[in-house]
Amino acid sequence: MIRDAIPRHLRLQALITLVAMLTSGCLGHFYEVPRTELERLAQTPPEQRGQAIYAVQQFSTADEPEPAPPWVPVSGQPPPGYYFDVRGYWVPDFYVQYGAPYYEPPPYQSPEVHDASPVTANGSSGGSARSSSGSPGNIGNIGKVDELLVVVVVVGVVVGLALAATEGARYEGHVAVHPHHPLHLLHGNGSQSIVPLDELSLTDLTTVDSATLSGAEGAGMWLRGSAPINRHGFSYQFGGGYDSLALPGLQNYRSLGFHFALGYFPTRTFGLLAHSRLQFADESLGSFYNVRLGMEAQWYPISLWRLHLGPFVGGGQSWSASAGAAMPTTSGQRPYLSAGALAEFEISTRLGLTFRFTEDYLPTAGPDTHRFINSWSVGLAVY
């Protein structure tokens, strides 16, 4: 087969490269403003619209909106409620408490071609442009399964780290901008327009699908603090720790194990996930694998600042095999039920550091095999 003709390390390298390309992304300076937030802003007094806007950072793409006209420094006395900062911009005096903006405004460059549009007093455009142990038999087969599980674990970890560095790291929360900051509107017919924030009206939103603010435009942007963790939507979870394999003779073999989960949270505290746990080893004393696939329900009813606590329950089917000098020769499958405790420390609005303790019940275990085994792991949850 073609697969057998390609060296294993080259297959693994190609797979990792592909996964990294598919999951990586570059966070940009555009922030999407939800539709409900746009409606709220349109009904807020114009001079107050820039103080706290709920927005979500977007990834850099080739089809970003056209840049807004330059934010021109102005002269003269600022109007009441504004002060003159060192860059030549009128900034509302309530921004003094925020300090320097996260995004400094770009230096003003006079356009090469004269723009006939008039410039307003505060500097914006006046027009709102809208492996095997070597033993024969079963150990060799276990070794082949172990090789496959290594690939699965590596790919799962690469996907998780890539999502944590992109989706989990992007900012979601309140931003502050100048009240006259340009707002990019994307209409349902695919057209785009730009309207100053303080000129936005509900009429402007009749055909609008979404809107974005750029931190690299206007007088800059202040990030006022991430929102609390938001689990609503899809979630990818992964981690590692110590897992257990119940073997005949009341043996309980503990070793490094991994877990991966993909699912959906219909609310911020409750989610349903397809869950897998992988435990395997190929050692001189023996080889084994233990694979569990099932469903899991997670609930986080307790929140203590950034720490969230709750239980989970689940169940499914497990497949395992073992052989070697220090292990009994086994092979088969059996159901399992699991329950345990979750602790999650929120790192950002879409990323949490998780700890889980699991107690498994094996209802079909024989009289010389443990029916209850436990495990623990530490990992990340990306929402």
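Owing to the predicted nature of the structure, the values given are computational and were not obtained by experimental measurement.

Draft legend 1. Layout of the layout of surface pockets. Its volume calculated, the largest pocket comes out at about 310 Å³. As for the largest pocket, its lining consists of 15 residues, and the residues nearest its centre are Asp63, Glu64, Pro65, Leu186 and Thr212. When residues of the lining of the largest pocket are traced back to their parent elements, those giving at least two are strand S1 (27-33), strand S2 (53-59), strand S6 (182-187) and strand S8 (208-214). Of the residues contributing to the lining of the largest pocket, the split by class is 6 nonpolar, 6 polar and 3 charged.

Draft legend 2. Layout of a nonpolar patch on the surface. A grouping of Tyr242, Ile302, Leu304, Trp305, Leu307, Phe345, Ile347, Leu353, Phe355, Phe357, Trp376 and Val378 is seen on the molecular surface, where their side chains present a nonpolar patch of about 1200 Å² in accessible area. At the level of elements, strand S14 (302-304), strand S16 (330-348), strand S17 (351-361) and strand S18 (372-382) are the ones that each hand at least two residues to the nonpolar patch.

Draft legend 3. Unusual backbone geometry, seen in detail. Of note in the backbone geometry, leucine 250 takes a positive phi value of approximately 55° without being a glycine. Inspection of the secondary structure assignment puts leucine 250 in the loop between strand S10 (233-247) and strand S11 (251-265). Note on leucine 250: relative accessible area 48%, which makes it partly exposed. In this structure, tryptophan 305 is a non-glycine residue whose phi angle is positive, near 60°. By the element assignment, tryptophan 305 lies in the loop between S14 and strand S15 (307-323). Given the relative accessible area of 71%, tryptophan 305 is considered exposed.

Draft legend 4. Local environment of the sheet that holds S2. Taken together, the 7 strands give an open sheet; going across it, the order is S7-S6-S8-S1-S2-S5-S9, and neighbouring strands pair in antiparallel fashion. Looking at which strands have only one partner, the edges of the open sheet turn out to be strand S7 (192-196) and strand S9 (222-226). Mean inter-strand twist for the sheet, computed between neighbouring axes without regard to direction, equals 40°. Sheet topology places S6 next to S8; 4 bridges connect them, and they run antiparallel. Bridge pairing links histidine 184 to threonine 212 in S8. Across the face of the sheet, helix H3 (residues 35-42) comes into contact with S1, S2, S6 and S8 while running at roughly 65° to S1.

Draft legend 5. Just the pattern of salt bridges, in detail. Using the criterion set out here, one finds 11 salt bridges in the structure. Between glutamate 167 and arginine 170 there is a salt bridge whose closest N-O contact spans 2.8 Å. A salt bridge links arginine 277 to aspartate 243; the nearest nitrogen and oxygen atoms lie 2.8 Å apart. Residue arginine 277 is found in strand S12 (residues 270-283), and its partner aspartate 243 is found in strand S10; the two are separated by 34 residues along the sequence. The pair arginine 277 / aspartate 243 is uniform in exposure class, with both members buried.

Criteria and thresholds
- Residues numbered from 1 in each chain as written.
- Predicted model: local features only at pLDDT ≥ 70, side-chain atom pairs only at ≥ 80, totals over all residues.
- Heavy atoms only, no water.
- 1 Å grid on protein atoms, 1.4 Å probe; cavity = no way out; pocket = protein on both sides within 12 Å on 5 of 7 lines; lining within 4 Å.
- Points joined across faces, edges and corners; volume = space filled by probe spheres on them.
- Helix = DSSP H or I, 4+ residues; strand = E, 2+ residues; numbered from the N terminus.
- Nonpolar A, V, L, I, M, F, W, Y, C, P; charged D, E, K, R; others polar.
- Patch = residues over 30% accessible without salt bridge, like charges linked within 9 Å, V, L, I, M, F, W, Y side chains within 5 Å.
- Areas by Shrake-Rupley, 256 points an atom, 1.4 Å probe, with all protein chains shown as cover.
- Salt bridge = Lys/Arg side-chain N within 4 Å of Asp/Glu carboxyl O.
- Buried < 20%, exposed > 50% of the residue type's maximum accessible area, 1.4 Å probe, protein only.
- Pairing = 2+ DSSP bridges.
- Axes fitted to C-alpha atoms, helices over the stretch in contact; angles between N-to-C directions.
- Contact = heavy atoms within 4.5 Å.

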